[in-house]
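Reading the structure
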Amino acid sequence: MEKKFFDNAFDKAKNAFEIAYKKTGEIVSLEKLRFNLSSLKTNRNKLYAALGKEYYFRFKNSESLPDNEKNIFDRISELNEKIEEITNEINYAKSKRICPKCGAAIDERSIFCNYCGERITFDFDDEE
Ligand SMILES: [Zn+2]
């Protein structure tokens, strides 16, 4: 019985923790504290990332990086190459249209298809 009493008291304390008091005496819900904590962490992580970016561009050509950092630098460089590659592909695709007859990618300003000679008409309606 004694044990159970303490368990209940412990549960009550845990529930009481759901409501926290600021030094000002204002009541703040645990939910709000968690939200505040999470936005603080988000902002801090953005700053970590910003610092990392500064660091990357300052030292990416450095010969004397510790192994664990070198590994991260290499992975970032690898991702940057892929990002550039896909960005170029997107820009290329955006400057092209598809020939309705043969399906070739042709310059968006072409009047005739370079491959099959189909005359390209411009449709001004928003049909997909
Ligand atoms: Zn064509």
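All figures in this text were calculated on a predicted structure; none of them were measured in a lab.

1. Brief notes about the coordination of the zinc ion
- Protein-derived ligands of the zinc ion are Cys-99 (SG), Cys-102 (SG), Cys-113 (SG) and Cys-116 (SG), with the metal-ligand distances lying across 2.3 Å.
- Each of the four donor atoms around the zinc ion contributes to a set of angles spanning 106 to 116°, which defines the coordination as tetrahedral.
- Counting the intervening residues between successive donors of the zinc ion yields the motif C-x2-C-x10-C-x2-C. Placement of the pair is Cys-102 in the loop between strand 3 (96-98) and strand 4 (105-107) and Cys-113 in the segment after strand 4, with a sequence separation of 11 residues.
- For Cys-102, a relative accessible area of 39% gives the class partly exposed.
- The exposure class assigned to Cys-113 is buried, which follows from its relative accessible area of 4%.

2. Some remarks on the packing of aromatic side chains
- Scanning the entire structure with this criterion turns up four aromatic pairs.
- Their ring planes at 50° and their centres at 4.7 Å tell us that Tyr-55 and Phe-59 sit as a pair that is tilted. Of the two residues, Tyr-55 and Phe-59 are both situated in helix 2 (residues 30-59); the distance of four residues between them amounts to about one turn of the helix.
- Taken together, the ring pairs in this structure connect Tyr-55, Tyr-56, Phe-57, Phe-59 and Phe-73 into an aromatic cluster.

3. Points about the pattern of salt bridges
- Under the defined criterion, the tally for this structure stands at two salt bridges.
- As a salt-bridge pair, Lys-70 and Asp-74 come within 3.1 Å of each other at their nearest N and O atoms. Of the two residues, Lys-70 and Asp-74 are both situated in helix 3 (residues 67-94); the distance of four residues between them amounts to about one turn of the helix.
- Residues Arg-109 and Asp-107 are paired through a salt bridge, measuring 3.3 Å at the closest nitrogen-oxygen approach.
- The exposed category is assigned to Arg-109, whose relative accessible area is 65%.
- We classify Asp-107 as partly exposed; its relative accessible area is 23%.

Criteria and cut-off values
- Residues numbered from 1 in each chain as written.
- Predicted model: local features only at pLDDT ≥ 70, side-chain atom pairs only at ≥ 80, totals over all residues.
- Heavy atoms only, no water.
- Donors = N, O, S within 2.8 Å, 3.2 Å for Na, K, Ca; no water.
- Tetrahedral: all angles 85-135°; square planar, octahedral: opposite > 155°, others 65-115°.
- Helix = DSSP H or I, 4+ residues; strand = E, 2+ residues; numbered from the N terminus.
- Buried < 20%, exposed > 50% of the residue type's maximum accessible area, 1.4 Å probe, protein only.
- Phe/Tyr/Trp six-rings, centres within 6.5 Å; stacked < 30°, edge-to-face > 60°.
- Salt bridge = Lys/Arg side-chain N within 4 Å of Asp/Glu carboxyl O.

Function cannot be read off these values alone, since they describe shape.
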